[in-house]
Amino acid sequence: MSAMKALLAILKLILNHPFNSGHKIRSIIDFFKWQTASRLMDKKFIINWVNNSKFIVSKGESGLTGNLYFGLMEYEDMSFLLHFTKKTDTFYDIGANVGAYTILASAVRGCHSICFEPLTLTFERLLDQIKVNRIGSLVDARNNGVGDKNEKLEFTSNLDCGNRVNTDPSNKEIEEVDVITLDSNFDPKSPTIVKIDVEGYEKFIIDGGSQFFLNPNVIALIVELSGDFFGVKHSDIDAKITSFGFLPISYSPLTRKINTLDLYNVGGNSIYVKDIDDAKKRCLDSEKFCIHTANGLII
């Protein structure tokens, strides 16, 4: 994709995002202000995000800049996490990258988070996010991957948010990482929400966590289905998830409405819950949140 086409695609996404519907022109101005400032000053910025939470961002950090442009980069999924999660829950962030979801769970909702980021440099940036939000007492950050067995695996290290388990023997930009299974390390005792974003390795995490996901305390799952990169069909991953008692849902953040789906979300993250009535009550009963990067929007 050419630079111009990429720019137009981003601008289209910004204009069409639900949080920008009342201030489209300002959202475009803010986009260009960020692009200019990040290039001229070439330094890190601390951004006020949701309620009292913050994130540190610099030029080229695609895992966070979307939250500047849209308020919440992953609109339905992040809103669901905010409305669904309680302080007494535990949140597992598998494939945390620099920790956007961990910030929402622990800095905004105040719950305990266990997050996993395999790459050393990205993990260090994740620790910075934890420090700036002063949530070290709430977050158990682990510099390892999650899979179907306890082993060492090679991960790519040159694809930013797209880094994944390496399958190219000729690739030299890799990092060897310790990988663990959920079943051999965790037994959830409190209501638990899990986010999985691992660039196609979902099946292996689920295979190594069958007892974990069957646990009745694991009540919600947000997962990016991209398993076809490893020759795994999305439908097979979905079938395994639903076999644990999960139901795929859609979520409307502004109305807090939940609908059950017959099929997982094709082309994006999918949200699953075990108890639809409990999920509806949690979301409806949740307090409101102020998103500073969406022009102070209250949801």
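Note that the structure is a prediction, hence the values are computed from the model and not measured.

Engineer: What's the story with the side chain of Thr 192 in this structure? I'm lost.
Structural biologist: Position of Thr 192 relative to the elements: it lies in strand 9 (residues 192–196). From its side chain, Thr 192 meets the backbone oxygen of Ser 190 in a polar contact 2.7 Å long. Those residues within four positions of Thr 192 in sequence are excluded, and the remaining contacts are Thr 90, Tyr 92, Phe 212, Asn 217, Val 218, Ile 219 and Ala 220.

Engineer: Please explain the nonpolar core as it appears in this structure.
Structural biologist: As a rule of thumb, nonpolar side chains are buried together in soluble globular proteins. Counting residues in each nonpolar core, the largest one holds 49 residues, and the members touching the most others are Trp 49, Val 50, Leu 72, Phe 80 and Leu 104. With sequence-adjacent residues up to four places away left out, Phe 80 is seen in contact with Thr 85, Ala 220, Ile 222, Ile 249, Tyr 251, Ile 258, Ile 271, Val 273 and Cys 283.

Engineer: How should I be thinking about the sheet that holds strand 4 (residues 112–116) in this particular structure?
Structural biologist: Taken together, the eight strands give an open sheet; going across it, the order is 5-4-3-9-10-13-11-12, and neighbouring strands pair in mixed fashion. Looking at which strands have only one partner, the edges of the open sheet turn out to be strand 5 (139–142) and strand 12 (257–260). Pairs of neighbouring strands in the sheet enclose a mean axial angle of 20 degrees, with direction left out of account. In this structure, strand 4 lies alongside strand 5, joined through four bridges in parallel fashion. Across the sheet, residue Phe 116 finds its bridge partner in strand 5, namely Arg 142.

Engineer: Would you take a moment to explain the packing of aromatic side chains for this structure?
Structural biologist: Two aromatic rings are characterised by how far apart their centres lie and by the angle between their planes. Within this structure, the stated rule accounts for 16 aromatic pairs. With centroids separated by 5.6 Å and ring planes inclined at 75 degrees, the aromatic side chains of Phe 80 and Tyr 251 adopt a geometry described as edge-to-face. Placement of Phe 80 in helix 4 (residues 75–84) and of Tyr 251 in strand 11 (residues 247–252) is noted, with a sequence separation of 171 residues between them. Owing to a relative accessible area of 0%, Phe 80 belongs among the buried residues under this scheme. Exposure remark for Tyr 251: the relative accessible area of 1% places this residue in the buried category. Ring plane angle 20 degrees and centroid distance 5.9 Å describe the contact between Phe 213 and Phe 244, whose orientation is recorded as stacked.

The rules we used
Residues numbered from 1 in each chain as written. Predicted model: local features only at pLDDT ≥ 70, side-chain atom pairs only at ≥ 80, totals over all residues. Heavy atoms only, no water. Helix = DSSP H or I, 4+ residues; strand = E, 2+ residues; numbered from the N terminus. Polar contact = N/O pair within 3.5 Å; in protein donor to acceptor, adjacent residues only side chain to side chain. Contact = heavy atoms within 4.5 Å. Core = buried A, V, L, I, M, F, W, Y, C linked by side-chain atoms within 4.5 Å. Buried < 20%, exposed > 50% of the residue type's maximum accessible area, 1.4 Å probe, protein only. Pairing = 2+ DSSP bridges. Axes fitted to C-alpha atoms, helices over the stretch in contact; angles between N-to-C directions. Phe/Tyr/Trp six-rings, centres within 6.5 Å; stacked < 30°, edge-to-face > 60°.

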